[in-house]
Amino acid sequence: MMCGFLGVFLGMEKMVACLYKRPDALCRLICFPWAGGGTSQLAEWGKLFSSSIEVFSVRFPGRESRLTEPFAKDMTTLVNEITSVLLKELEEKPFAFFGHSFGSYISFAVALHLKEKYGLEPVHLFVSGAHAPHSEAFLPIKSIPIHDTDDEDILTHIQSLGGTPSQLMENEDIKKHLILTIREDLRVLQTFSFKKPEKNIPFSCDITCFDGSEDKPHDSEAWHDLTSGDTSFYKLPGGHFYLLEPSNVIFLTKHIARCIENAGL
């Protein structure tokens, strides 16, 4: 029994960054970072919430303290790992999910698995910079030729999106690892397929979609098809990484806190 507990504890330490621990919180906000991203920016959100919300930032394999671990080979493997490590916490008290870009798709896939297998559902799903997963707009992502794409092209794409400090790009090892990580994250995304059921609506929680006003348009409206709850849409000033702007962080965290409070926990 002790071994099982230790395994889950070590799994949590490995997978979750929680910089502001709040054991008495009423709800947890589980954050899923973007492709190539780590836990630091979203974990820092913890200090902006009241004591009623505890923030977890999920660390995917192949980065930060999991640098020596192999990358996830597909979406199912990643979802199963995240679910098995977080399940006890998610059963213990209400939770909400926030994901940005790649993280939105991961958060959706985890939420879907939790609902189908355990009957668990977030009190609110916050998605950012992402198409609805059943939208035709998502399909081009699945056809990007990852193995045939040059490092330079991936680098150009990373730089065009912003969000990565230029000094990091001056370090050859960091640059190479970032390109590899984006490649691997994209490969995981391409193994994900979701078809909206004809009759069953997957969720009943509210969904809020955020986007940068200067980012390429996303098919956010189609998220409306995935819940019987309310769906809201917000555009905030900036490009794909609008959520790193301090003024937008303030808006996002205040809005998320209000939505969680309104969930009537």
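Residues numbered from 1 in each chain as written. Predicted model: local features only at pLDDT ≥ 70, side-chain atom pairs only at ≥ 80, totals over all residues. Heavy atoms only, no water.

The name an unreviewed UniProt entry gives the protein chain is S-acyl fatty acid synthase thioesterase, medium chain, with Geococcyx californianus as the organism. Word for word, the UniProt comment on the protein chain under Sequence similarities (unreviewed entry) is "Belongs to the thioesterase family." UniProt annotates the protein chain under Catalytic activity (unreviewed entry) with the comment "(9Z)-octadecenoyl-[ACP] + H2O = (9Z)-octadecenoate + holo-[ACP] + H(+)". (UniProt positions renumbered as here; feature names shortened; annotations may be inferred.)

Our focus in this paragraph is the environment of Ile250. Structurally, Ile250 can be placed in helix α9 (residues 246–262). Under the relative-accessibility criterion, Ile250 is labelled partly exposed at 40%. Taking the C-alpha atoms as reference, Ile250 lies 19 Å from Cys27; in sequence the two are 223 residues apart. (Helix = DSSP H or I, 4+ residues; strand = E, 2+ residues; numbered from the N terminus. Buried < 20%, exposed > 50% of the residue type's maximum accessible area, 1.4 Å probe, protein only.)

This brings us to the pairing of strand β4 (residues 95–100). Across the 6 residues of β4, 6 count as buried, placing the element largely inside the fold. Where strand β2 (residues 27–32) and β4 come together, 5 bridges link them in parallel fashion. Its bridge partner being in β4, Cys31 is matched across the sheet by Phe98. Direction of pairing for β4 relative to strand β5 (residues 124–128): parallel, over a ladder of 4 bridges. From the neighbouring strand, Gly99 faces β5, where its bridge partner is Val127. (Pairing = 2+ DSSP bridges.)

A separate point is unusual backbone geometry. One non-glycine residue, Glu64, lies in positive phi territory at about 50 degrees. Structurally, Glu64 is set in the loop between β3 (53–58) and α3 (75–92). You can call Glu64 partly exposed: its relative accessible area is 35%. At Ser101, a residue that is not glycine, the phi angle is positive and equals roughly 60 degrees. Residue position: Ser101 is located in the loop between β4 and α4 (102–118). Classification of Ser101 as buried rests on a relative accessible area of 15%.

The next thing to look at is the confidence of the model for the protein chain. Should the pLDDT be low somewhere, the predicted coordinates at that spot are not to be read in detail. Overall, the predicted model of the protein chain reaches an average pLDDT of 89, with 90% of residues at or above 70. For residues 1–8, every residue scores under 50 in pLDDT, and the model assigns this stretch 1 contact once sequence neighbours within four places are set aside. (pLDDT = per-residue confidence, 0-100. Contact = heavy atoms within 4.5 Å.)

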